[in-house]
Amino acid sequence: MTEILWEDPFCGEGASCFRLGTDITGNAYIAVVGQEDTPLTDTIEALRALIRDIKAGKADHLL
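Computed from a predicted model, the values in this text were never measured in an experiment.

1. Some remarks on the state of the cysteines
- This structure, assessed with the given rule, holds one disulfide.
- Here C11 engages in a disulfide with C17; their sulfurs sit 2.1 Å apart. Across the disulfide from C11 to C17, rotation about the S-S bond amounts to roughly 120°, and the bridge is consequently right-handed.
- For C17, a relative accessible area of 15% puts it in the buried group.

In structure tokens, the structure reads:
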């Protein structure tokens, strides 16, 4: 299995903590803290697009 380099957790209020990670082959990962063995996986570019869209307000309706 490819080694994932996890970032420090991003935690909201309560227990909602997520981790972002990458590997050397160009994949990006998002996981709930403590469940890093079952991450959502896509390309690093897809993760960049997701972050850009969130920052642009495209997910504000979820707040």
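2. Some remarks on the layout of surface pockets
- Approximately 200 Å³ is the volume found for the largest pocket.
- In terms of lining residues, the largest pocket is bounded by L20, I30, L47, L50, I51, I54 and K55.
- When residues of the lining of the largest pocket are assigned to their parent elements, the largest contribution, five residues, is made by helix α1 (residues 44–55).
- The class makeup of the residues in the lining of the largest pocket is six nonpolar, no polar and one charged.

3. What about the side chain of R19?
- Looking at the secondary structure, you find R19 in strand β3 (residues 17–22).
- Within the structure, the side chain of R19 is placed 3.4 Å from the side chain of E36, a separation counted as a polar contact.

4. Things to note about the side chain of E36
- With respect to the element layout, E36 can be found in the loop between β4 (27–32) and β5 (40–43).
- Of the polar contacts made by the side chain of E36, one reaches the backbone nitrogen of G34; its length is 2.9 Å.

5. Observations concerning the pairing of β4
- Across five bridges, β3 lies against β4 in antiparallel orientation. Bridged to G21 within β4 is Y29.
- In textbook terms, the turn of a hairpin is the stretch between consecutive antiparallel strands, and for β3 and β4 this stretch comprises four residues, one of which, G26, has a positive phi near 95°.
- Summarising the sheet, β4 and β5 pair through four bridges and their orientation is antiparallel. Bridge pairing in β5 places I30 opposite L40.

6. Quick word on the pattern of salt bridges
- In total, this model carries four salt bridges according to the counting rule given.
- Here R19 ties to E36 by a salt bridge, and the two come within 3.4 Å at their closest N and O atoms. Of the two residues, R19 sits in strand β3 while E36 sits in the loop between β4 and β5, which places them 17 residues apart along the sequence.
- A salt bridge links R52 to E45; its shortest N-O distance comes to 3.4 Å.
- Members of the salt-bridge network, linked through shared partners, are E45, R48 and R52.

Reading guide: rules and limits
- Residues numbered from 1 in each chain as written.
- Predicted model: local features only at pLDDT ≥ 70, side-chain atom pairs only at ≥ 80, totals over all residues.
- Heavy atoms only, no water.
- Disulfide = S-S within 2.5 Å.
- Buried < 20%, exposed > 50% of the residue type's maximum accessible area, 1.4 Å probe, protein only.
- 1 Å grid on protein atoms, 1.4 Å probe; cavity = no way out; pocket = protein on both sides within 12 Å on 5 of 7 lines; lining within 4 Å.
- Points joined across faces, edges and corners; volume = space filled by probe spheres on them.
- Helix = DSSP H or I, 4+ residues; strand = E, 2+ residues; numbered from the N terminus.
- Nonpolar A, V, L, I, M, F, W, Y, C, P; charged D, E, K, R; others polar.
- Polar contact = N/O pair within 3.5 Å; in protein donor to acceptor, adjacent residues only side chain to side chain.
- Pairing = 2+ DSSP bridges.
- Salt bridge = Lys/Arg side-chain N within 4 Å of Asp/Glu carboxyl O.

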